[in-house]
There are 2 protein chains.
Amino acid sequence: MPDTQTLYDRLLADSRRTALLASCGGLLGWDEQTYLPPGGAAHRAEQSSLLAGLVHEWATSPERGELLAKIEAEQLSDAPDGPMAANVRELRRDYDRATKLSRRLVEELSRVTSLAQQAWVQARKQADFKQFLPWLEQVVALKREEAQALGSKTGVPYDALLDQYEADATAAEVARAFASLRDELVRLVNKIRDSGRVPDVSLLARRYPIDAQRKFATEAARAIGFDLDSGRIDEAAHPFCSGIGPGDCRLTTRYDEHHFPGAFFGVLHEAGHGIYDQGLDPAQFGTPMGESVSLGVHESQSRMWENRVGRSFAFWRHFHPRAQAAFPEALSDVPLEDFHAAINDVRPTFIRVEADEVTYNLHIMLRFELEQPLISGDLSPADVPAAWNEKFAAYLGPTPPSDVQGCLQDIHWSAGLIGYFPTYALGNMYAAQLFDAAERELGDLDVQFAEGEFRPLTEWLSANIHRRGRQFPPARLLELVTGEKPTHAALVRQLRAKFAPLYGL
Amino acid sequence: MPDTQTLYDRLLADSRRTALLASCGGLLGWDEQTYLPPGGAAHRAEQSSLLAGLVHEWATSPERGELLAKIEAEQLSDAPDGPMAANVRELRRDYDRATKLSRRLVEELSRVTSLAQQAWVQARKQADFKQFLPWLEQVVALKREEAQALGSKTGVPYDALLDQYEADATAAEVARAFASLRDELVRLVNKIRDSGRVPDVSLLARRYPIDAQRKFATEAARAIGFDLDSGRIDEAAHPFCSGIGPGDCRLTTRYDEHHFPGAFFGVLHEAGHGIYDQGLDPAQFGTPMGESVSLGVHESQSRMWENRVGRSFAFWRHFHPRAQAAFPEALSDVPLEDFHAAINDVRPTFIRVEADEVTYNLHIMLRFELEQPLISGDLSPADVPAAWNEKFAAYLGPTPPSDVQGCLQDIHWSAGLIGYFPTYALGNMYAAQLFDAAERELGDLDVQFAEGEFRPLTEWLSANIHRRGRQFPPARLLELVTGEKPTHAALVRQLRAKFAPLYGL
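Here the structure is a predicted model, which means the values were calculated and not measured.

Caption draft 1: Representation of the overall build of chain A in the model. In terms of helices and strands, chain A carries 21 helices and three strands. In terms of principal-axis extent, the alpha carbons of chain A reach across some 75 × 50 × 50 Å. Looking at chain A as a whole, 56% of its 505 residues qualify as buried. Within chain A, residue pairs in contact and separated by at least 24 positions form 73% of the contacts whose partners lie at least 6 positions apart. If you sum the accessible surface of chain A, you get close to 20300 Å²; carbon and sulfur atoms cover 51% of it. In chain A, 53 side chains carry a positive charge and 71 a negative one; their mean positions are 1 Å apart.

Structure (structure tokens):
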């Protein structure tokens, strides 16, 4: 009988091999969004499906289950939350989740969401929710089945879905945090509206030549710590970050000559994700200790760099003269203060991805509040448009003129991503908490930003978050690093401190 | 007991699945040469090795062997060289080849050639053959072992290596064809030298802006039939064509602002390969009937488009005015005749990839004549530089000033590609034969080229070569399509007919 260490080594080798195969699928996915010629789409679908099937087969192999059971029956030579124990705990979590889903359900979800995404594209083009409705009904039915199969500690089916993006989070806790946050945000939005100040945002729609944008955004990504020897920035219709594996992390963005913030803050956002991926321990690749801990924490990194850093006055004290040199036609007559006010314009918009820092979270809450009854069965997919518009009016004022600017705007539900949206707002909350904790250790970060010094923050995040992989569940990691449980308070404080001077509140 | 058709369907499904997995490795390989960030190289090597190992495992599975044996024991409902019979025959060939090589040998070859390529890069940089020698010795030893393991019908070990690139070809036949060709080529080179005519090639080194080159080369590739909705052209240090799968074929080239022919004829060459890949029957993907038949025939396609078409006077009657519009600075004062003469300059060069159409084959013969004694053991790797220089002087005149311009110039041997070079010259011979056959059916093709009509030739090649996959072994395919066995005669005739007027012979 091999000893525990030998069994553990076998388990990790098995996990690494599976991750290595999955990372091949990662490259295929990246290529599909960037360089794949249209004629290759059908073949690519077959390639991806073959790899996904193999990965699922390996990840649910009886051998892995036996290894886990044998190791769990023995004493590990490790502290209860040491790296070995964490690897075993998280591999067990992944294994149980994967084996609870039948092959039929996995394949059916893959097939239906692939078709549903195409139906969504069409429905959106024709502004016709009814075309999408039968697909939404199928997706919701399958996700309800999935939630049932997975089960959750709380007995709430939605929690089973949420758990795969944010381990151990529950809808009840999230709802509590969101309720407090919502009141504060609505109050802040109203104050900003009542201030009467409206920044001149037209200066962001002047001509920003695309080559110059590309160069400028790349330099900014490099400055905040994204390593371009181990990564790339390409173009894609839907911006994303894809960590293929150690030394290979790829961002995408899209450029619009007459909209500066889109690509620039998009790159900062994706670079935030990329810096997390690049900060993972390459020696732990393919094991939980070398994986990111949750979507919420991942989003905390992207939103911190995009908003707390990238839209700060200090950041632009450093970058504004550089932007003026890069875009003389657009910016030579624009003072730093006006530029900073323009990129921090707060006003309700229908589209989530165009929303400012303050209203953004209200978009998330709305989706979270519709997803839960969809999964519990209290909301019928057919009633989504009306429910959406009602909530939108309540939180943000106007009513969307069409479902394209309402419930048809996001791809997520068509792709089966239910339970995913809340992690965006959790990310904003985590980001604020983490930033405060970093400042307690590193001193006034804005002083550093104004001098173009971003590495201390990057390195702090790397040591405290990235390098820890999945050693601790996300909420515990937050508490360990910041000294407090996840809370909305830091975010509200930061938003108030930032927008009070901008709007004379 | 399932019937033969059922067994055959299972065999094809198994073959398709393996090819689908191999095609994932194809994309990884393409990406490695184009967009992979340097930091990702180690991870990429692990990904590729995992996929290659899996593909080898599937391609040598006992189940496949059993299926083959059962099918071979039955009567197929197909003519002896019909598609079913061809699929079984070729899958047997591949299976036997793959299973004859031990896993140890496959892995050792992979490991040693990977390191030998790195050593070759260094040795070339430092113009020091001795650094490369121990690696060449290891590669040659392993290739001799491989030839032994594979065996050949003739008993000649080199034939076992040649066979994997050009099925059923033998060194003896190739040597016979090359001997006749060599005499004719040496005579032609001497006549050209003695003509005293030296075209002005400096016009090809004027400024050709890279964006304009990219556009012009892409349009030419499209004109000859390369489908850019099912393919791409990117940049890479070493140009290649990679057919990933149905609807997805990718070419690469490299641009030099002051060397027009490099990228342009490179793109025509790779597009010739690409048109072959795009001409394969997508419904047969993953089975021999949907695969290219040999390297020699593949090269016949690339060389035909590059040289017989792309360097013809007729081609430039169509493209020269377009080139003048695309590169006014370089070409507005250059008459068609001067341009045509410049791109057909014949003179001995040390470097194969820079060689003209006439001397090119002499470079190949030299390599072929060294490879055979290396594998038979009659030539020691240490004696390669002296043997190289001696042959070079005999065939082409001068002696290379250094091994960098001699035996260190090609990557092939370091990569374990021995038996590969002859297919380049075979491709030139096949191209001439196929072109003659096409003209017999389609009429004077130059008349069509001068009007920008390339589709009749493309379609003829597709119907006669591409769509046939591996239904017939390469030499039989040639005979079937051209009515004669592979011969050097057509090539010699075409070269004489072309260069006589250019050099007033």
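Caption draft 2: Layout of the packing of helix H1 (residues 4-34) of chain A against helix H4 (residues 83-100) of chain A. All names here are of chain A. Where H1 contacts H4, the two axes come as close as 11 Å, and the packing angle between them is 55°. Here H1 lies oblique to H4, going by the angle between them. H4 is crossed by H1, and the crossing has left-handed handedness. Across the interface between the two elements, Gln5, Tyr8, Leu11, Leu12 and Ser15 of H1 pack against Pro83, Met84, Asn87, Val88 and Leu91 of H4. When the residues that make up the contact of H1 with H4 are grouped by side-chain class, the tally is seven nonpolar, three polar and no charged.

Caption draft 3: Spotlight on the environment of B:Glu451. All names here are of chain B. Positionally, Glu451 belongs in the loop between helix H18 (445-450) and helix H19 (455-464). For Glu451, a relative accessible area of 59% corresponds to the exposed category. Sequence separation between Glu451 and Ala314 is 137 residues; the distance between their C-alpha atoms is 8.3 Å.

Caption draft 4: Representation of the pairing of strand E3 (residues 248-253) of chain B within the structure. Residues and elements named next belong to chain B. Taking burial as the measure, the six residues of E3 include six buried ones, the bulk of the element. Side chains of E3 alternate between two faces, with Asp248, Arg250 and Thr252 and Cys249, Leu251 and Thr253 buried alike. Both strand E1 (residues 231-235) and E3 contribute to a ladder of five bridges, which runs parallel. Bridging across to E3, Arg232 finds its partner in Arg250. Across four bridges, the pairing between strand E2 (residues 241-245) and E3 is antiparallel. Bridge pairing in E3 links Cys241 to Leu251. Taken together, E2 and the strand that follows it, E3, pair antiparallel across an intervening segment of two residues, in which Gly247 is found at a positive phi of about 80°.

Caption draft 5: Quick look at the sheet that holds strand E2 (residues 241-245) of chain A. Residues and elements named next belong to chain A. Judged by pairing direction, the sheet is mixed, and its three strands sit side by side in the order E1-E3-E2 without closing on themselves. Unpaired on one side and paired on the other, strand E1 (231-235) and E2 mark the two borders of the sheet. Put simply, the sheet's adjacent strands are angled 20° from each other on average, direction ignored.

Caption draft 6: Summary view of the packing of helix H9 (residues 210-224) of chain B against helix H12 (residues 313-326) of chain B. Residues and elements named next belong to chain B. In contact at an axis separation of 11 Å, H9 and H12 are set at 155° when each is read in the N-to-C sense. When the interaxial angle is binned, H9 and H12 end up roughly antiparallel. Note that H9 runs across H12; the crossing there is right-handed. Packed against H9, whose contacting residues are Ala212, Phe216, Ala220, Ala223 and Ile224, the element H12 presents Phe315, Trp316, Phe319, Arg322, Ala323 and Ala326 at the interface. When grouped by side-chain class, the residues that make up the contact of H9 with H12 number ten nonpolar, no polar and one charged.

Caption draft 7: Region of interest: the side chain of B:Thr423. Residues and elements named next belong to chain B. Looking at where Thr423 falls in the secondary structure, it is placed in helix H17 (residues 422-442). The exposure class assigned to Thr423 is buried, which follows from its relative accessible area of 1%. Among all residues touching Thr423, those that are not within four sequence positions of it are Tyr165, Glu166, Leu295, Gly296 and Glu299.

Caption draft 8: Highlighting the confidence of the model for chain A. With 100% of its residues at a pLDDT of 70 or more, chain A has an overall mean of 96. Listed scores for the predicted complex are pTM 0.95 and ipTM 0.94.

Caption draft 9: Broad picture of the relation of the copies chain B and chain A. Of the transformation placing chain B onto chain A, the axial shift is 0.0 Å and the rotation is 180°, giving an RMSD of 0.0 Å. A rotation of that kind, with that shift, is consistent with a two-fold axis. Looking at the rotation axis and the C-alpha trace of chain B, the residue lying nearest is B:Cys24, at 3.8 Å. Comparing interface residues between copies, 100% of those in chain B also sit at the interface in chain A, which points to an isologous, same-surface contact.

Caption draft 10: Looking closely at the interface of chain B and chain A. The interface of chain B with chain A comprises 34 residues on the first partner and 34 residues on the second. Here chain B and chain A share an interface that buries about 2700 Å² over both sides, 67% of which is from carbon and sulfur atoms. Three residues, B:Tyr35, B:His43 and B:Leu50, lead the burial of chain B against chain A; their summed loss comes to 21% of the area buried on that side. Inspection of the region where chain B meets chain A yields four salt bridges. For the salt bridge of B:Arg44 with A:Asp248, the shortest nitrogen-to-oxygen distance reads 3.6 Å. Where chain B packs against chain A, one counts twelve residue pairs in polar contact (both at pLDDT 80 or more). Sorting the residues of the side of chain B that touches chain A by element identifies helix H1 (4-34), helix H2 (41-59), E1, E2 and E3 of chain B as the ones contributing at least two each. Ranked by the residues each element gives to the side of chain B that touches chain A, the list is headed by H1(B), at nine residues. Of the residues belonging to the side of chain B that touches chain A, the class tally is 17 nonpolar, nine polar and eight charged.

Caption draft 11: Structural view of the environment of B:Thr287. All names here are of chain B. With respect to the helices and strands, Thr287 occurs in the loop between helix H10 (260-279) and helix H11 (295-309). It is 9.4 Å that separates the C-alpha atoms of Thr287 and Leu11, two residues lying 276 residues apart in sequence. Apart from the residues within four sequence positions on either side, Thr287 is in contact with Leu12, Ser15, Arg16 and Asn87.

Caption draft 12: Geometry of the sheet that holds E2(B). All names here are of chain B. What the three strands build is an open sheet, ordered E1-E3-E2; its pairing is mixed. The open sheet has two edge strands, E1 and E2, and neither has a second partner. The sheet shows a mean angle of 20° between the axes of neighbouring strands, direction not considered. Seen against the sheet, H10 touches E1, E2 and E3 and runs at an angle of roughly 165° to E3.

Caption draft 13: Region of interest: the packing of aromatic side chains. Scanning the entire structure with this criterion turns up 69 aromatic pairs over all chains. Taken together, a centroid distance of 5.6 Å and an interplanar angle of 65° make the contact between A:Trp30 and A:Tyr35 edge-to-face. What makes A:Tyr35 buried here is its relative accessible area of 16%. A ring pair is formed by B:Phe260 and B:Trp316, whose centres lie 6.4 Å apart and whose planes are at 70°; its orientation type is edge-to-face. With a gap of 56 residues between them, B:Phe260 in helix H10 and B:Trp316 in helix H12 connect regions that are remote in the sequence. The exposure class assigned to B:Phe260 is buried, which follows from its relative accessible area of 1%. The class of B:Trp316 is buried, set by a relative accessible area of 0%. Positioned over the ring face of A:Tyr255 is A:Arg214, at 5.3 Å from the centre of the ring.

Caption draft 14: Spatial organisation of the side chain of B:Gln409. All names here are of chain B. Relative to the helices and strands, Gln409 is located in the loop between helix H16 (384-396) and H17. Here Gln409 falls in the buried class, since its relative accessible area comes to 8%. Side-chain polar atoms of Gln409 contact the backbone nitrogen of Arg352, separated by 2.7 Å. Within the local environment of Gln409, its side chain forms a polar contact with the backbone oxygen of Gly406, the two atoms lying 3.1 Å apart. Look past the residues within four positions of Gln409 in its chain and what remains in contact with it is Trp120, Arg124, Phe350, Ile351, Arg352, Arg367, Trp388, Asp403 and Val404.

Caption draft 15: Region of the structure containing the pattern of salt bridges. Evaluation of the coordinates by the stated rule reveals 86 salt bridges over all chains. Between B:Asp94 and B:Arg470 there is a salt bridge, with the nearest N and O atoms lying 2.9 Å from each other. Of this pair, B:Asp94 sits in helix H4 (residues 83-100) while B:Arg470 sits in the loop between H19 and helix H20 (474-482), and the two are 376 residues apart along the sequence. B:Asp94 gets classed as partly exposed once you look at its relative accessible area, which sits at 31%. Several salt bridges share partner residues, and in doing so they unite A:Arg89, A:Glu90, A:Arg93, A:Asp94, A:Arg97, A:Lys153, A:Asp163, A:Asp168, A:Glu291 and A:Arg470 into one network.

What counts as what
Residues numbered from 1 in each chain as written. Chains lettered and ligands numbered in written order. Predicted model: local features only at pLDDT ≥ 70, side-chain atom pairs only at ≥ 80, totals over all residues. Heavy atoms only, no water. Helix = DSSP H or I, 4+ residues; strand = E, 2+ residues; numbered from the N terminus. Buried < 20%, exposed > 50% of the residue type's maximum accessible area, 1.4 Å probe, protein only. Contact = heavy atoms within 4.5 Å. Areas by Shrake-Rupley, 256 points an atom, 1.4 Å probe, with all protein chains shown as cover. Lys, Arg positive; Asp, Glu negative; His and termini not counted. Charge placed at Lys NZ, Arg CZ, Asp CG, Glu CD. Axes fitted to C-alpha atoms, helices over the stretch in contact; angles between N-to-C directions. Parallel < 35°, antiparallel > 145°, perpendicular 65-115°, else oblique. Left-handed = near helix turned anticlockwise from the far one by under 90°. Nonpolar A, V, L, I, M, F, W, Y, C, P; charged D, E, K, R; others polar. Pairing = 2+ DSSP bridges. pLDDT = per-residue confidence, 0-100. Least-squares fit on C-alpha atoms with pLDDT ≥ 70 in both. Buried area = accessible area lost by both parts, 1.4 Å probe. Salt bridge = Lys/Arg side-chain N within 4 Å of Asp/Glu carboxyl O. Polar contact = N/O pair within 3.5 Å; in protein donor to acceptor, adjacent residues only side chain to side chain. Phe/Tyr/Trp six-rings, centres within 6.5 Å; stacked < 30°, edge-to-face > 60°. Lys NZ or Arg CZ within 6 Å of the ring centre and 35° of its normal.

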